[in-house]
Amino acid sequence: MKEDFLHYLWKFKKFESSDLKTYTGETLRITNVGQYLQMAGPDFFNAQISIDNQKWAGNVEIHIKSSDWYVHHHERDSAYESVILHVVWEHDTEIFRNNNTEIPVLELKNYVRKATLEQYQSLMFPKSWIYCEKQLESIGAFSLNNWLERVFFERLERKSNQIETVLVETNRDWEAVLFVLLAKNFGLNTNGILFMNIAESIPFSTIRKESFEIENIEALLFAKAGLLMNEKEDSYYANLKEKSNYLLNKYQLESTFLEPVQFFKHRPDNFPTIRLSQLANLYHSQKQLFSKVIAADSVAVIYELFKIAVSEYWQTHYQFDKESPRKQKVLSKSFIDLIIINTIIPIQFAYARSQGKAISENLIALLLQVAPESNSIIGKFNSFGIKARNAFESQSLLQLKNEYCNKGRCLDCAIGVSLLKS
């Protein structure tokens, strides 16, 4: 038994309410269960009840046992002086206000039907992955789709808040924000945070000024990544190192690198050298990239925008001093899809929100054109009958799993509530 189940019972009045009595035998009628705000203080605000025909308006607190009142130290908090009813599963001790009046108690276990308990126990049955895994296929498409849209925008809100932090750090330069977000995306999971820190360590005004010369951008990025620390016979390496020393001095930037980039476990096309060269080439070839990204309304436009490759040297190298067969190493469609999901959609949403514009339908329409991510979470949902057909659905399922299933928030989830009601 969890407290959030009792919240569910009270919120939706999932108990026999026609002949309610308090623990001490007074007649209890519920006019309004109150507002479930999930904030500090009592659980439900502004409830309205009658006890033996005496009307009361105030707050309701809910616990598994009455004694939890003292476990949670509510007796020390004046916010709980306004509680008019203590709703518990099991009453084991009396609770008093500061003026020594006893708080009325409703013991719910006497009024909840056996079928409701069995539904809850079935939902919370020990799981191999998530609690409702064996019942997922029974969820109606309408209910499921509505909930997936809700959690998708929860995910976007969280990402938008992170973007706002970067926006403040860059003096509200949206071009700089995009550069930082793209750098993180180009670094993938292994080098993402490091690439992001590299981008933040170079003022975007410097990138703007040096973007006309590809070797200058590469020199800055490679130096900050700690890839120009040694002496090598390679002429391109020597050229980048010389340029980086000049540029770091010119712009008075820290010459120390942040931490080593990781090559381990990466396929060669994902080596940090290749990804940094592609990022440099993107900003060499695309001026005013932010305005183009914000205006992009189809995947075709975005694929064209990010049709970039590495510079000449990296077409025949994966690492300095080690020549390889020539390959252009263009950004793949699947990699651009990740950019759309993790950078373009969030920044379009955050920018529209800053302008007071609603573009929700546009964002969904864009993601419906993108293939779903392929990972263990999406694969598991598929095995239980919930198949992601596009990136909108896969992003929603990731949010559902991480923020609801993993945290046991079944009674905050429309799917969990639907299963309990069915």
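Preceding block: the structure.
Residues numbered from 1 in each chain as written. Predicted model: local features only at pLDDT ≥ 70, side-chain atom pairs only at ≥ 80, totals over all residues. Heavy atoms only, no water.

Draft legend 1. Local environment of the side chain of T273. Structurally, T273 is set in helix α10 (residues 272-285). Look at T273 and you get buried, because its relative accessible area is 2%. A polar contact is formed between the side chain of T273 and the backbone oxygen of Y318, at a distance of 2.6 Å. What T273 contacts, discounting residues up to four positions off in sequence, is F222, L227, F263, W314 and Y318. (Helix = DSSP H or I, 4+ residues; strand = E, 2+ residues; numbered from the N terminus. Buried < 20%, exposed > 50% of the residue type's maximum accessible area, 1.4 Å probe, protein only. Polar contact = N/O pair within 3.5 Å; in protein donor to acceptor, adjacent residues only side chain to side chain. Contact = heavy atoms within 4.5 Å.)

Draft legend 2. Just empty space enclosed by the protein, in detail. Considering all chains together, one arrives at two cavities of 30 Å³ or more under this definition. Taken as a whole, the largest cavity holds about 120 Å³ of empty space. Together, 14 residues line the largest cavity, and C132, Y404, C405, C410 and C413 are the ones closest to its centre. Elements with a minimum of two residues in the lining of the largest cavity: α16 (391-405) and α17 (414-421). Counting residues per element, the lining of the largest cavity draws most heavily on α16, at three residues. Its residues assigned to classes, the lining of the largest cavity shows twelve nonpolar, one polar and one charged. Approximately 30 Å³ is the volume found for the second largest cavity. Looking at the second largest cavity, the residues that line it are F186, G187, L188, N191, F195, H266, N270, P272 and R275. (1 Å grid on protein atoms, 1.4 Å probe; cavity = no way out; pocket = protein on both sides within 12 Å on 5 of 7 lines; lining within 4 Å. Points joined across faces, edges and corners; volume = space filled by probe spheres on them. Nonpolar A, V, L, I, M, F, W, Y, C, P; charged D, E, K, R; others polar.)

Draft legend 3. Fine view of the side chain of T206. By the secondary structure assignment, T206 is in helix α7 (residues 204-210). With relative accessibility at 2%, the residue T206 sits in the buried group.

Draft legend 4. View of helix α15 (residues 376-383). The complete set of buried residues in α15 reads I377, I378 and F381. End-on, the buried residues of α15 take up no more than an arc of 95°, which puts them together on one face. Structural note: α15 exposes S376 and S383 on the side pointing more than 90 degrees away from its buried face. In this structure, the buried side of α15 is in contact with α16. (Arc of directions from axis to C-beta.)

Draft legend 5. Spatial organisation of the state of the cysteines. Under the definition given, this model contains zero disulfides. Here C132 stays free of any disulfide, with the sulfur of C405 as its closest cysteine sulfur at 5.8 Å. A relative accessible area of 14% places C405 in the buried class. (Disulfide = S-S within 2.5 Å.)

Draft legend 6. A look at the packing of α15 against α16. Their axes nearest at 10 Å, the elements α15 and α16 cross at an angle of 95°. It follows from the interaxial angle that α15 and α16 lie roughly perpendicular. Contacts between α15 and α16 involve I377, I378 and F381 from the former and S394, L397, L398, L400, K401 and N402 from the latter. Within the contact of α15 with α16, the residues separate by chemical class into six nonpolar, two polar and one charged. (Axes fitted to C-alpha atoms, helices over the stretch in contact; angles between N-to-C directions. Parallel < 35°, antiparallel > 145°, perpendicular 65-115°, else oblique.)

Draft legend 7. Representation of the environment of Y283. By the secondary structure assignment, Y283 is in helix α10. Setting aside residues no more than four positions away along its own chain, Y283 makes contact with E175, L178, F179, L182, F204, I207, S211, I217 and L289. Within the local environment of Y283, its side chain forms a polar contact with the backbone nitrogen of F179, the two atoms lying 3.4 Å apart.

Draft legend 8. Quick look at the pattern of salt bridges. Under the definition given, this model contains 16 salt bridges. E231 is the salt-bridge partner of K241, the closest N and O atoms lying 2.9 Å from each other. On the criterion of sequence distance, the pair formed by K241 in helix α9 (residues 235-250) and E231 in the loop between α8 (214-224) and α9 is long-range, its members being ten residues apart. (Salt bridge = Lys/Arg side-chain N within 4 Å of Asp/Glu carboxyl O.)

Draft legend 9. Up close: α17. What α17 keeps buried is the set I415, G416, V417, L419 and L420. Taken together, the buried residues of α17 touch α1 (3-11), α3 (114-123), α4 (141-169) and α16.

Draft legend 10. Seen up close, the pairing of strand β4 (residues 44-51). Across the eight residues that make up β4, a large majority, six, are buried. In the sheet, strand β2 (residues 27-32) pairs with β4 via four bridges, with the strands oriented antiparallel. Residue pairing across strands places N32 opposite Q48, the latter belonging to β4. Two strands pair when backbone bridges link them, and β4 and strand β5 (residues 54-65) are joined in this way by six bridges, in the antiparallel orientation. Paired with I51 across the bridge in β5 is Q54. What sits between the antiparallel neighbours β4 and β5 is a turn of two residues, in which D52 has the positive phi angle 50°. (Pairing = 2+ DSSP bridges.)

Draft legend 11. Examining the packing of helix α5 (residues 174-186) against helix α6 (residues 188-201) more closely. As a packed pair, α5 and α6 sit with axes 6 Å apart at the nearest point and diverge in direction by 150°. Relative to α6, the element α5 is oriented roughly antiparallel. Crossing of α5 over α6 shows right-handed handedness. Of the residues in α6, those touching α5 at F179, V180, A183, K184, N185 and F186 are L188, G192, I193, F195, M196, A199 and E200. In terms of residue class, the contact of α5 with α6 is made up of nine nonpolar, two polar and two charged. (Left-handed = near helix turned anticlockwise from the far one by under 90°.)

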